[in-house]
Amino acid sequence: MATFDGVIVGAGHNGPTLGAYMARARLRVCVLEAAGEIGGGCSTADATLPGFR
């Protein structure tokens, strides 16, 4: 079983940013995301209607 210094739940725009800062501080970090893609509200997918991003 892996050991981490921190676990980040959610890979919206803040999760990977925090993970990068923690990794630069030489901490072992795990970022978890339930959705199939990262980015959260920052993604450019057609989430509501086709053609609206």
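These lines cover the structure that appears in this document, whether it is placed above or below. (Residues numbered from 1 in each chain as written. Predicted model: local features only at pLDDT ≥ 70, side-chain atom pairs only at ≥ 80, totals over all residues. Heavy atoms only, no water.)

Observations concerning the overall build of the chain
Definition in use: The helix and strand labels rest on DSSP assignments: H or I over at least four residues marks a helix, E over at least two residues marks a strand, and numbering proceeds from the N terminus. The size measure is the radius of gyration over C-alpha atoms, and the globule rule it meets is 2.2 Å times the number of residues to the 0.38 power. Buried, partly exposed and exposed residues are distinguished by accessible area as a fraction of the type maximum, computed with a 1.4 Å probe on protein chains only: under 20%, between the cut-offs, and over 50%, respectively. Any two residues having at least one pair of non-hydrogen atoms within 4.5 Å are treated as being in contact. When charges are tallied, Lys and Arg are placed among the positive residues and Asp and Glu among the negative ones, while His and the ends of the chain are skipped. The atoms used to mark charge sites are NZ of Lys, CZ of Arg, CG of Asp and CD of Glu.
Scanning the chain for helices and strands turns up one helix and two strands. Its C-alpha atoms give the chain a radius of gyration of 14 Å, more than 25% over the compact-globule value 10 Å for 53 residues. Each principal axis of the C-alpha distribution contributes one length, and for the chain these read about 40 × 25 × 10 Å. Across the 53 residues in the chain, those meeting the buried criterion constitute 15%. In the chain, 33% of the contacts between residues at least 6 apart in sequence involve partners at least 24 apart. Treating the 4 positive side-chain charges of the chain as one cloud and the 4 negative ones as another, the clouds have centres 14 Å apart.

Observations regarding the environment of Val-9
Mapped onto the elements, Val-9 comes out in strand β1 (residues 6-9). We classify Val-9 as exposed; its relative accessible area is 74%. Each C-alpha atom of the pair Val-9 and Cys-42 lies 17 Å from the other, and the pair is 33 residues apart in sequence.

Topic: helix α1 (residues 14-24)
Here is the rule we go by: As used here, the arc is the angular range of directions from the helix axis to the C-beta atoms.
Inspection of α1 places Gly-15, Gly-19 and Met-22 among the buried residues, and these make up the whole buried set. All buried residues of α1 fall inside an arc of 65 degrees around its axis, so they share one side. Residues of α1 that are exposed and point more than 90 degrees away from the buried face comprise Asn-14, Tyr-21 and Arg-24. Phi for Arg-26, located one or two positions after α1, is positive at around 65 degrees.

Overview of the pairing of β1
Successive residues of a regular strand alternate their side chains across the two faces of the sheet. To be explicit about the condition: A pair of strands is labelled paired if DSSP reports no fewer than 2 bridges between them. Whether a crossover is right-handed comes down to one check: with the strands pointing away from the viewer, does the path from the first strand over the helix to the second run clockwise; if it does, it is right-handed.
Judged by which residues are buried, β1 turns out to be one-sided: Gly-6 and Ile-8 face inward and are buried, whereas Val-7 and Val-9, on the alternate face, are not. Bridge count for β1 against strand β2 (residues 29-32) is four bridges, and the pairing is parallel. In the strand pairing of β2, Val-7 is matched with Cys-30. Read from β1 through α1 to β2, the crossover connection turns out right-handed.

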